[in-house]
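# A structural walkthrough
Given next are the chains, with one letter for each unit.
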Amino acid sequence: MDSSTKQYDVVIVGGGWAGSALAYKLASANKKVLVLEAGIAIDGLITNPDENQLVTGNRAEFMNDFFMAMAKTPESPYVQNYNAPRPSVLDIQPVPPFKLTQPPPPDQADLPHLPEPAPPPAPINCTDVKASIDNGYFIQRGPIPFGSTYERRGGGTSWHWLGTSLRMLPNDFKLKTLYNQAVDWPLTYEDLSDYYDQAEFEIGVSADVNEQTIHGITFSEGYVYPMAKIPPTILDNTIQAGVGSLTFDGSSLNVTGTPAGRNGVPNQLKDGSFYDNGRRQCQGNTNCTPICPIQAKYDATVTMGKALMTGNVDIIYQAVATNVLLDKNTPVNPEVVGIEYKTYETTGGPCTGTFIATGTKYIIAAHAIEAAKLLLMSNTQIPAGVANHSGQVGKNLMDHPMYLGWGLMPEPVYPFRGPLSTSGIEGPRDGAFRSTRASFRIEIGNEGWNWPGGAPYAQVIDMVSPMPPDGSGTPTAGIFGSALRKAIQSTFTRQFRIGFLIEQLPDDNCYIVPSKTCFDNLGVPRPEIYYQFDDYTMEGFKAAAAATDFIFNTMNVENNTGIPVGSGGAFVYQGVTYYPQGAGHVMGTHRMGFTRDDSVTDANMKSWEHDNLYIVGCGSMPTTATSNPTLTMMALAFKAADAILASF
Amino acid sequence: MMTLDEFVALSSALTGYPASTLLPARDTQKVAAALYAELSLSTNNIPAAQLDQLTQVWNSISGTPPPQLEAAVNTNIIQNLAITRLAQNIIYLWYFGIWYDLTKNPNSFLPLKNIDHVVSPLAYTNGLVWGEMGAHPMGFSVGEFGYWANVPTLPVIS
Ligand SMILES: Cc1cc2nc3c(=O)[nH]c(=O)nc-3n(C[C@H](O)[C@H](O)[C@H](O)COP(=O)(O)OP(=O)(O)OC[C@H]3O[C@@H](n4cnc5c(N)ncnc54)[C@H](O)[C@@H]3O)c2cc1C
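Residues numbered from 1 in each chain as written. Chains lettered and ligands numbered in written order. Predicted model: local features only at pLDDT ≥ 70, side-chain atom pairs only at ≥ 80, totals over all residues. Heavy atoms only, no water.

## Describing the state of the cysteines
Residue and element names in this part refer to chain A. If you walk through the whole model with that rule in mind, you get one disulfide over all chains. Each disulfide pairs two cysteine sulfurs, and for Cys126 the partner residue is Cys518, the sulfurs being separated by 1.8 Å. Negative torsions about the S-S bond denote left-handed disulfides, and the value of about 50° found for Cys126 with Cys518 makes this one right-handed. Of this pair, Cys126 sits in the loop between helix 2 (59–68) and helix 3 (129–134) while Cys518 sits in strand 15 (residues 511–519); the two residues are 392 residues apart in sequence, bridging distant segments of the chain. Its relative accessible area of 9% is what places Cys126 among the buried residues. (Disulfide = S-S within 2.5 Å. Helix = DSSP H or I, 4+ residues; strand = E, 2+ residues; numbered from the N terminus. Buried < 20%, exposed > 50% of the residue type's maximum accessible area, 1.4 Å probe, protein only.)

## A word on the site of the ligand
All names here are of chain A. Close contacts around the ligand come from 36 residues, with Ala18, Glu37, Thr157, Thr164 and Thr630 the closest. At a separation of 3.5 Å, an oxygen atom of the ligand approaches a polar backbone atom of Gly156. A distance of 2.9 Å is found between a nitrogen atom of the ligand and a backbone nitrogen or oxygen belonging to Leu162. Across the complex, the protein chains shield 96% of the 1,000 Å² of accessible surface that the ligand would expose by itself. For the shell around the ligand, the elements supplying multiple residues, two or more each, are helix 1 (17–28), strand 8 (319–326) and helix 14 (630–647). With three residues, the top contributor of residues to the shell around the ligand is strand 8. Its residues assigned to classes, the shell around the ligand comprises 15 nonpolar, 16 polar and five charged. (Near = heavy atom within 4 Å. Polar contact = N/O pair within 3.5 Å; in protein donor to acceptor, adjacent residues only side chain to side chain. Areas by Shrake-Rupley, 256 points an atom, 1.4 Å probe, with all protein chains shown as cover. Nonpolar A, V, L, I, M, F, W, Y, C, P; charged D, E, K, R; others polar.)

## Looking at the pairing of strand 3 (residues 139–143) of chain A
Residue and element names in this part refer to chain A. Most of strand 3 is tucked away: five of the five residues are buried. Where strand 3 and strand 16 (residues 525–531) come together, four bridges link them in parallel fashion. The partner of Pro143 across the bridge, within strand 16, is Tyr531. (Pairing = 2+ DSSP bridges.)

## Some points on the confidence of the model for chain A
Averaged over every residue, the pLDDT of chain A is 93; the share at 70 or more is 94%. In this model, residues 97–120 of chain A is a region of pLDDT below 50 whose contacts with residues beyond four sequence positions or in other chains number 28 contacts. (pLDDT = per-residue confidence, 0-100. Contact = heavy atoms within 4.5 Å.)

## With respect to the environment of Ser439 of chain A
Residues and elements named next belong to chain A. Within the secondary structure layout, Ser439 lies in the loop between strand 12 (423–425) and strand 13 (440–445). C-alpha separation for the pair Ser439 and Arg429, spaced 10 residues apart in sequence, amounts to 5.0 Å. Setting aside residues up to four positions removed in sequence, Ser439 forms contacts with Pro428, Arg429, Asp430, Phe433, Arg434, Leu501, Ile502, Glu503, Tyr536 and Thr626. Engagement of the side chain of Ser439 in a polar contact is seen with the backbone oxygen of Arg429, the distance being 3.3 Å. A distance of 3.3 Å separates a polar atom in the side chain of Ser439 from a polar atom in the side chain of Arg434.

## Examining the sheet that holds strand 11 (residues 402–408) of chain A
All names here are of chain A. Spatial strand order, 6-12-13-14-11-17: six strands in an open sheet with antiparallel pairing. Every interior strand has two partners, whereas the edge strands, strand 6 (255–257) and strand 17 (558–559), have only one. Pairing geometry for strand 13 and strand 14 (residues 495–502), over six bridges, is antiparallel. Pairing of Ile444 across the sheet is with Ile498, part of strand 14.

## Things to note about the pattern of salt bridges
A side chain with one charge can pair with a side chain of the opposite charge if their charged atoms come near. Summed over all chains, the structure comprises 22 salt bridges over all chains. Asp642 of chain A is paired through a salt bridge with Lys25 of chain A; the nearest N and O atoms lie 3.3 Å apart. With Asp642 of chain A in helix 14 and Lys25 of chain A in helix 1, this residue pair connects regions lying 617 residues apart in the sequence. Taking the relative accessible area as the measure of exposure, Asp642 of chain A reaches 29% and is therefore partly exposed. The closest approach of N and O atoms between Lys104 of chain B and Asp116 of chain B, which form a salt bridge, is 3.2 Å. Placement of the pair is Lys104 of chain B in the loop between strand 1 (98–99) and strand 2 (117–118) and Asp116 of chain B in the loop between strand 1 and strand 2, with a sequence separation of 12 residues. Like Lys104 of chain B, the residue Asp116 of chain B is buried in the burial classification. The structure contains a network of salt bridges with shared partners spanning Asp172, Asp430, Arg434 and Glu503 of chain A. (Salt bridge = Lys/Arg side-chain N within 4 Å of Asp/Glu carboxyl O.)

## Quick word on the interface of chain B and chain A
Many authors give the size of an interface as the accessible area that is lost as the parts come together. Every contact between the two is made by 62 residues of chain B and, on the other side, 63 residues of chain A. Between chain B and chain A, roughly 5,200 Å² of surface is buried when both sides are summed, and carbon and sulfur atoms account for 67% of that area. Together, Met138, Phe145 and Trp148 of chain B form the three largest contributors to the area buried by chain B at its contact with chain A, with a combined 17%. Between Glu132 of chain B and Arg485 of chain A there is a salt bridge; the shortest N-O distance is 2.7 Å. Inspection of the region where chain B meets chain A yields 27 residue pairs in polar contact (both at pLDDT 80 or more). The set of elements that each furnish at least two residues to the side of chain B that touches chain A consists of helix 1 (4–15), helix 5 (66–78), helix 6 (84–96), strand 2, helix 7 (121–125) and helix 8 (128–132) of chain B. (Buried area = accessible area lost by both parts, 1.4 Å probe.)

Printed below as a string of C-alpha cells:
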C-alpha cells in the first residue's frame, strides 16, 4: 500500500503510548487515521547478530533475550535499531570534566556547586555510526548526564514502564500561584478529572479510591477504580508499622497502595458491570520493568490493537518522520501540509525511500525528546523550527531524578517477590516547603538491592569471591556450601530499597537539540542533551537523604546507602555527593501554557502557530509534580483527542 | 577432564545442595548437562591444568564422610588459590546460570565486553539463588496473584 497517496483525517507521528491512545479515540469517532511508527512492529524484532536481516519475535522471545542478558537493564529484552536508535541506561556515563571518583573534599563545601561553567563541547567522533551509537545514542553535554531512556518500537516506552498510575495533586497545577515557583498549568485538576477516569479505565488501574483521596484529590460520585488495589508486600506492611504514623519535615509517612496498571481483582463499576480487559492477573514476576512476561501489566499495544480493530487506522512501521512540512503559500502561521518520513528494511540496512504522508490534522506523539527533535529539525521554512515561536521547543527538559536509599531490615521482609513496587509514601508530595525545596514521593521497591546494588549477583559474588584489596583478578577464598546458603537466606531476605522521585522545575539550561555532527544510520540527527539541577531540586535530594536516615534509624535498618552500581552522574551539593538516577519520566520539551510567547501549545496541546498541528506527550507537561507522569499524559491525550474531534 | 558424575558430585559439595536436586532422576530441564558443557567450551579459556587439578583434588577427597566433607572441600579446594576460582565459577553456574571470565573478579565490570555469559534461559530460571531466599527468578514466577502478601517457606539447609 502506498499510504502516501491516501488522504487521512489525522496523521499521527509515533505509535507509542500517546499515539495509540489518540489513534483509538479518533478512530472510534470514525476518523481515518494514519500512524507513522519509527520502530519495528508490535511483536517486534528480537536479538539477531546479523543486523542486515529482520528477525521478528513475540513476547516469549523477548523473555528469552531478557533471560540471556548479563545486565538485565530496561532495554535488555529489546534489540537496538540503528535506523531508529534508542538510549540505554548502560550508556549513561559521567560527562567530562566531572569525575565521579573525585568529589571535592568537604572543606570546599562552600565553593560554588553546579551548575559549573559548561565544559567546552568535546569533539565527538561519530564517523562510525553504529559503533558510536553502541557507545550511547545521546550526545550528553552535561554537566549531569541525562539518566532516562525510552524505547522506539511499536508500543513505545510502555514496553518497559513500571505501571505506577498516580493522579497529580490539585496543587501540582498551581505551583506559581501557591508557591511562587516556575509556572502554573493552563488547566486544573478539575479539568482533567473525567479524563483521568477514562485513562484509568483504558489502562486498567488497580487501586482504592479511599486511599487515593489525599492532598485534595477528589473523585466523581461513586467512582471506583477498574480493579481493587494490589495487595501490599510484607515489606510494605513492615515500613507502615515502622514509620507509617510518623512525620518527616511535617509530611506524613503513611504507606499507601500505589495505583498500578497491572491486573488485580475486578471491581463492579458504576454501571453495574464488572471490569474485564481480557488480560491475566498479575503473577508477581517482579519484572514489570523491563517486561511483564504475561502482559498482566498494561502496555500501549493493547490500545493500538483496539485502534486497529476499528478498521479506521493504518499504521506504517519502520517509518521515521524527519520533517514536518509547512504550507509555503502562507507566510504567517502556516498550516502543516505533510510529514516527510524515511523507511528502511533492516535495523542496520540503508534507507529504502522517502515519502510524504498527508492528512487534515497532524499530531506529533513521538516521545518528549524525539518530538522536540523532530520539530527543531523541521527548519527549512522557519529557521527556529516548527511550532517554536516561543523558543521553548526542546527546552525545560525534566525528569523525576531519583535518590535511592537501601539497607537491611532487622527482620526478613522477603523481597524479590510480587510486582516491583506495590506501595509508596505520598505525604511529602505537597507542603509549604515547596516554596523552597522540591517535593517528592517515596517508592518502596520489592526487588531488594537489585537496582542500587546489582542484587543478587554482586552480593553473592562478594560472599564467594571477595574482591582483593587491589581490585585485581587474583583469586581469593570465600564461602560455599551450607555457609553460603545460610548467608543468602539471612541477608537477601532482609534487603530493601526506597526510591525518592524528586520534583524538577523547568530550566532554560536543560534542553535537547538535534546534533549538528552526529547522526543515526538514516542520517537523522541524534539528540544532544544539556542537563543540570537547580537548588530547588538539590534541596530535594538533601531532604530525601535526611528522610532516608530518619526512616532507617527509626526502624533499626542497617544503612547501606552508597554509590549505586552503574551510576552515571553525580553532583555535589553542600559538600555531599549525590548519585541521581533517571526515572524514565521525560517531560517539558513542548510544554503547554497560557500564551504563545511562553509555551509551545495551548491547553488542548494545539500548536499556537500552526492551527492543524497538535503535540502530545509528557513533553506537554509544564512542571513535573511528583506523580509518575503517564496516567496524566494519557488523560491529556484524551483531552487533545476531544479538541481535535471538535475542530473538524 | 572431569566427568558429568564428578561434576555433579563436586557441584553438590560446592553449592550445598544434594546431587539428587542438581541432577534429578527425571531430568526435564537438563540443567546439569548444560552447565557441565561449559567446562569444555573453548571460548571459556579454562586452563587444562587447572581443571585437571580440580578434578584430581576432588577425587582425592570425595569419599570423605559427609560431616567432614565441607571441611575437606574448604582446605583442599576453596583455600587452594590455584583452583578456587574455577570452583567458584561452578557455584555461579548453579546459583545464577552464569559463566564468568576466570581471569577477573566477577564483580569488576570492566571491560564491559567480555566472555561473561548466561548459559541458557533454563540455566537462568533454574538458578539456585532465587529459591534460597524464598523467591523466584525475576521474570519467572509460578506464584498466584497476591502470593507476595504471605511469608514464604525457605528451603531447609542440611
Ligand atoms: C524504565 C521506565 C519505567 C517507567 N515507569 C513508569 C511508571 O511506572 N509510571 C509512569 O507514569 N510512567 C513510567 N515511565 C514513563 C512512560 O513509559 C512514558 O512516559 C511513556 O511511554 C511516554 O509515552 P509517549 O507516547 O510520549 O512516548 P513513547 O511511549 O516512547 O512512544 C513514542 C513512539 O514514537 C515513536 N517515534 C519516535 N520518534 C519517531 C519518529 N521520528 N517518527 C515516527 N515515530 C517515532 C517511537 O518509536 C515510539 O513508539 C517509565 C519509563 C521508563 C523508561
